[in-house]
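Observations on the three-dimensional arrangement
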Amino acid sequence: MIKIPDISEYSKLRNILGVDVLPPQEVTWELTDACNLKCEFCSVAANTTNSQMKELTYSEIKNVMNSMKNIGIKSIALSGGEPLVRDDIWDIIALGNEFGFDITLMTNGTLLSKNINRFLQCGGAHSVQISLHAPNPKYHDQIVGVHGSWKKVIEAITSLVEAKIPVILYTVLYS
Ligand code: SF4
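Our subject in this report is the structure included herewith. Worth saying up front: this structure is predicted, and the values here are computed from it rather than measured.

A separate point is the overall build of the protein. The secondary structure content of the protein amounts to seven helices and five strands. The linear arrangement of helices and strands in the protein, starting from the amino end, is α-α-β-α-β-α-β-α-β-α-α-β. Dimensions along the principal axes, computed over C-alpha positions, put the protein at roughly 55 × 35 × 30 Å. Residues classed as buried in the protein amount to 28% of the 175 residues present. In the protein, the proportion of contacts linking residues at least 24 apart, taken out of those at least 6 apart, comes to 70%.

This part is about the nonpolar core. Ile 76, Leu 78, Ile 92, Ile 93, Ile 103 and Leu 105 are the most contacted members of the largest nonpolar core, which has 31 residues in total. Of all elements in the fold, only helix 3 (58–71), strand 2 (75–79), helix 4 (89–99), strand 3 (102–107), strand 4 (127–131), helix 6 (137–144) and helix 7 (149–162) reach the threshold of two or more residues within this core. Residues in contact with Ile 92, not counting those within four places in the same chain, are Leu 31, Tyr 58, Ile 61 and Leu 78.

Time to look at the sheet that holds strand 2. Taken in spatial order, the five strands of this open sheet run 1-2-3-4-5, and their pairing is parallel. Because the sheet does not close on itself, it has two edges, and the strands there are strand 1 (26–30) and strand 5 (167–170). Ignoring strand direction, the axes of neighbouring strands in this sheet form an average angle of 20°. Across five bridges, strand 1 lies against strand 2 in parallel orientation. The partner of Glu 30 across the bridge, within strand 2, is Ser 79. The strands that helix 7 touches are strand 4 and strand 5; relative to strand 4, the one it contacts most, it runs at about 165°.

The rules behind the values
- Residues numbered from 1 in each chain as written.
- Predicted model: local features only at pLDDT ≥ 70, side-chain atom pairs only at ≥ 80, totals over all residues.
- Helix = DSSP H or I, 4+ residues; strand = E, 2+ residues; numbered from the N terminus.
- Buried ≥ 20, exposed ≤ 12 C-beta atoms within 10 Å, placed from the backbone.
- Contact = placed C-beta atoms within 7 Å.
- Core = buried A, V, L, I, M, F, W, Y, C linked by C-beta atoms within 7 Å.
- Pairing = 2+ DSSP bridges.
- Axes fitted to C-alpha atoms, helices over the stretch in contact; angles between N-to-C directions.

What follows is the structure, given as structure tokens:
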């Protein structure tokens, strides 16, 4: 059973902090720690034996979204790992849109272009955050450890721009 904090608990913080405390408005949700890339800097230990995550099922996700809606969450950022490696990701995105959340998709971008129609059929997203680590394939592919990734990211960005979905680019700084 997944437990979501009772919204009334947040008001108790006023007694401790002396100021009004709003309940959470936004959630960043790691749907999986699996990924199709191999970034050296990966913070979730994707695809390694250090991985301890037990993914929630679609049914469990639906229950959690329902609880989030009830306590006033407005925005959900779907993250990972790489969220698009989940077989049920399109159903999850559609569900989030049905609940009326502002959905942000946080992705490495490599699986999006070929699935852009499916993504749009699910209602798309408020915005998509994509990792682009260099303006050329040589350094980007070296950083993420998979040849051909940069080209797929560029294709994903192009598809999103054509669909008029806001794109936010993330990059790591390195020397
Ligand atoms: S894309 Fe993200 S989750 Fe995947 S290996 Fe790179 S940092 Fe880790």
